[in-house]
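Residue-level structure breakdown
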Amino acid sequence: MNREQLLLYFIMGTNNSAGSPLRVLTNAIEGGVTCFQFREKGQGALEGAEKEQAARDMQAICRKHGVPFIVNDDIELALELQADGIHVGQDDESIEAVRKKCPDYMIVGVSAKTVNEAAQAQKQGADYIGTGPMFSTTTKADAKSPIGPGAITELRENGIDLPVVGIGGIKKENASEVIRAGADGVSVISSISMDEDPKQAARLLKNQLT
Ligand SMILES: Nc1nc(C(F)(F)F)ncc1COP(=O)(O)OP(=O)(O)O
Ligand SMILES: [Mg+2]
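Reference entry: report on the structure contained in this document. Counting starts from 1 at the beginning of each chain's written sequence and moves along it residue by residue. In the order they appear in the text, chains get letters beginning with A and ligands get numbers beginning with 1. The predicted nature of this model means local features are confined to residues of pLDDT at least 70 and side-chain atom pairs, given and counted, to a pLDDT of 80 or more, with totals for whole chains, interfaces and linings taken over all residues. Hydrogens and water are ignored here; the side-chain numbers use all heavy atoms of the structure.

**Thoughts on helix H9 (residues 198–207)**
Along H9, the residues that are buried comprise Pro-198, Ala-201, Ala-202 and Leu-205. Viewed end-on, H9 has its buried residues packed into an arc of 95°, placing them on one side of the element. Every residue pair with non-hydrogen atoms within 4.5 Å of one another is taken to be in contact. Helix and strand definitions follow DSSP, with helices as H or I runs of at least four residues and strands as E runs of at least two, each counted in order from the N terminus. Tucked into the core, H9 has its buried residues touching strand E1 (8–12), helix H1 (21–30), helix H7 (175–180), strand E8 (185–188) and helix H8 (190–193). Per-residue accessibility, obtained with a 1.4 Å probe over protein chains only, is compared with the maximum for each type, and a residue is labelled buried under 20%, exposed over 50%, and partly exposed between these values. An arc is given here, and it is the one of the directions from the helix axis to the C-beta atoms.

If you want it as structure tokens, here you go:
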């Protein structure tokens, strides 16, 4: 995974979008999204065959536009779809378990908010880490309290040179703070998925990043 791919990392499930998820994803990518994560979780999330079909539909859109397609949590689904990668949190399967099950080409992303967690992730071969929540968020029901962009600066000051993306409550008004703090990119859900114009939302966000 090269760092540039993490610049504007859009995450969405079918229950995060105001409009049609496939149309939202297409518009978001046309607006400049550089990486996508399928995260089907929380109230109203699809399961089983419906979840798999939604993932396949979104994967096809990513493939058409050359955007990496990452699956959140669900390793079996990632393997079934031959996704470009998988993202796991501290309470999900370990990186070792993921690496054992997944082919080498797959990107492995890990949530890490402390220097210790990030160092562990780096040692175990993570390709990138997601750090947050940067700001308060309503999308992730079990999100902990915000740690702010300073947490990314602390990782950098302690020798964590893995690609890092900030996540949690990021919008165009605060995105540049996360980059200035040392992140390679920002990850967003509702700032794009709930906007009535996801293409414009992605474009305005991206303009804050470079
Ligand atoms: N899904 C995520 N993606 C990222 C990414 F780096 F990709 F931006 N960072 C952090 C998370 C949060 O991952 P996790 O802590 O397992 O919670 P959940 O499974 O509810 O998302
Ligand atoms: Mg998870």
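**Overview of the coordination of the magnesium ion (ligand 2)**
Note on the magnesium ion (ligand 2): its protein donors are Asp-73 (OD) and Asp-92 (OD). The metal-donor distances range over 2.0 to 2.2 Å. Taken together, the residues span a long stretch of sequence, with Asp-73 in the loop between strand E3 (69–72) and helix H3 (75–81) and Asp-92 in the loop between strand E4 (85–88) and helix H4 (95–101) at a distance of 19 residues. In this structure Asp-73 comes out as partly exposed when scored by relative accessible area, which is 23%. Judged by its relative accessible area of 29%, Asp-92 falls in the partly exposed class. Counted as coordinating are nitrogen, oxygen and sulfur atoms within 2.8 Å of the metal, or 3.2 Å for Na, K and Ca, while water is not included, which may make sites look incomplete.

**Observations regarding the site of ligand 1**
One heavy atom within 4 Å of a molecule or strand is enough for the residue carrying it to be called near that molecule or strand. Surrounding ligand 1, one finds 17 residues, the nearest of these being Arg-39, Lys-41, Asp-92, Lys-140 and Ser-187. Between N or O atoms, a polar contact is any pair within 3.5 Å; within protein, one atom must be a potential hydrogen donor and the other a potential acceptor, and residues adjacent in sequence are included only when both atoms are from side chains. Take Arg-39: an N or O atom from its side chain is 2.7 Å from an oxygen atom of ligand 1. Here, Shrake-Rupley sampling with a 1.4 Å probe gives the accessible areas, and only protein chains in the shown set may cover a residue. Expressed as a share of its isolated accessible area of 460 Å², the protein-covered part of ligand 1 is 91%. A majority-of-atoms criterion places ligand 1 in the largest pocket. Elements that contribute at least two residues to the shell around ligand 1 include exactly E1, strand E6 (128–131) and strand E7 (164–167). All amino acids are sorted into three groups, where Ala, Val, Leu, Ile, Met, Phe, Trp, Tyr, Cys and Pro are nonpolar, Asp, Glu, Lys and Arg are charged, and the leftover types, Gly among them, are polar. Of the residues contributing to the shell around ligand 1, the split by class is 5 nonpolar, 7 polar and 5 charged. Cavities and pockets are found on a 1 Å grid laid over the protein atoms alone: a cavity is a set of points where a 1.4 Å probe fits but cannot escape, a pocket is an open set with protein on both sides within 12 Å along at least five of seven lines, and a lining residue has an atom within 4 Å of such a point. Just a note on the criterion: a molecule sits in a pocket or cavity if more than half of its atoms are within 2 Å of the grid points.

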